[in-house]
Amino acid sequence: MSQRVGVVGDKTLSGAVEAAGGSPVVGAASSLEDLDFAVAGGESAVVDLLRADLAVPVLPVDAGGGVRSVATDDAETAVGRVLGGEYRTEQHPVISAQRAFDGVRALFDVTLVAAEPARISEFSVRCGGESIARFRADGVVASTPAGSVGYNSAAGGPVVATGMDAVSVVPLAPFATDADQWVLPLEEVTLSVERDETPVELLADGRSERAVAAGEPVTLSATEAFETVVVPESERFF
């Protein structure tokens with residue numbers, strides 16, 4: 001019996017799975033079950049699979065360098081390698097962001113950002129109970145290693161090596177010319193809104209989750225890792 005391979009996102013990848021000898025199972029990540037592994041077509045599909053808690057390795061396709069994805073043109077070859085056991089896996093730290101609400105998880109980044117365009121607020125960052133910084137900005141983003149090569153890097157933040165239990169924290173459009181960025185231990189970081197000047201929302205992997213009020217700190221912690229497949233066709237991280 002051929003291996004069952006979930007296909008999420010780009011449905012055309014089912015053709016690559018079938019051509020490689022697998023049995024494609026196409027659908028929303030939350031509806032899939034009894035899989036041997038999954039193929040995620042695009043970054044959004046990777047996030048969907050994280051949130052679905054399928055507990056199977058994921059082969060990212062055209063999903064960015066943070067999860068070392070393969071190009072669509074190489075998908076059939078890559079799937080064939082996985083079906084034949086010719087692969088290794090990487091474990092990616094996942095953030096849980098919580099306070100007085102159920103925790104939300106993120107593979108790439110957690111962001112506090114002003115909900116209205118061209119508005120700034122005041123934010124603070126703490127680590128291990130110690131104040132790191134307080135600043136006025138459009139927002140603040142905390143990125144995992146997987147997320148540090150994307151939005152974080154574009155905002156001027158440092159790239160963090162894959163697998164490290166650390167986050168890169170960067171102010172977004174700070175109201176200062178000498179703003180810092182920080183690499184901090186994941187288990188000890190708290191982001192806060194310090195002034196109730198404008199509505200602020202919490203984003204997890206770019207998806208709006210809820211409003212965050214002043215005086216409602218958001219604490220970050222590590223939860224279970226997310227496993228992706230690495231084959232020779234996978235992008236380099238650096």
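Here, the structure is the one placed above.
Everything in this summary refers to the structure shown in the same document.

Conventions and cut-offs
- Residues numbered from 1 in each chain as written.
- Predicted model: local features only at pLDDT ≥ 70, side-chain atom pairs only at ≥ 80, totals over all residues.
- Heavy atoms only, no water.
- Pairing = 2+ DSSP bridges.
- Helix = DSSP H or I, 4+ residues; strand = E, 2+ residues; numbered from the N terminus.
- Axes fitted to C-alpha atoms, helices over the stretch in contact; angles between N-to-C directions.
- Contact = heavy atoms within 4.5 Å.
- Core = buried A, V, L, I, M, F, W, Y, C linked by side-chain atoms within 4.5 Å.
- Buried < 20%, exposed > 50% of the residue type's maximum accessible area, 1.4 Å probe, protein only.
- Salt bridge = Lys/Arg side-chain N within 4 Å of Asp/Glu carboxyl O.

## Some words on the sheet that holds strand E7 (residues 109–114)
The strand order E12-E11-E10-E7-E14-E15 describes an open sheet built from 6 strands, whose pairing is antiparallel. If you trace the sheet from one side to the other, it starts and ends with strand E12 (182–185) and strand E15 (207–211), each paired once. Averaged over all neighbouring strand pairs, the angle between strand axes comes to 25°, with direction disregarded. Lying over the sheet, helix H2 (residues 43–52) contacts strand E14 (200–204) and E15, oriented at roughly 55° with respect to E15.

## Considerations on the pairing of strand E5 (residues 88–98)
Bridge count between E5 and strand E16 (residues 218–230): 10 bridges; the pairing is antiparallel. When the bridges of E16 are listed, Glu 90 appears paired with Thr 228. Sheet topology note: the E5/strand E6 (residues 104–106) ladder contains 3 bridges and is antiparallel. Within the sheet, the bridge partner assigned to Ala 97 lies in E6 and is Val 104.

## A few points about the nonpolar core
Counting residues in hydrophobic clusters, the biggest one holds 28 residues, and the most contacted among them are Leu 112, Val 125, Phe 135, Val 140, Val 169, Leu 191 and Leu 220. In this structure Leu 220 touches Ile 95, Ser 96, Ala 97, Val 110, Ala 142, Leu 186, Glu 187, Glu 188, Val 189 and Leu 191, once residues within four positions along its chain are discounted. Residues Val 25, Ala 40, Leu 50 and Leu 107 belong to the second largest nonpolar core, which totals 21 residues.

## Let's talk about the pattern of salt bridges
Here the structure, examined in full by the defined rule, presents 15 salt bridges. For the salt bridge of Asp 48 with Arg 207, the shortest nitrogen-to-oxygen distance reads 2.9 Å. In this pair, Asp 48 is assigned in helix H2 and Arg 207 in strand E15, connecting sequence segments 159 residues apart. Between Glu 197 and Arg 136 there is a salt bridge, and its shortest N-O distance comes to 2.8 Å. Pair noted here: Glu 197 is in the loop between strand E13 (189–193) and E14 and Arg 136 is in strand E9 (residues 130–137), with a separation of 61 residues, a long-range link. By relative accessible area, which is 32% here, Glu 197 ends up partly exposed. Look at the salt bridges and you will find they share partners, linking Glu 122, Arg 134, Arg 136, Glu 194, Arg 195 and Glu 197 into a network.

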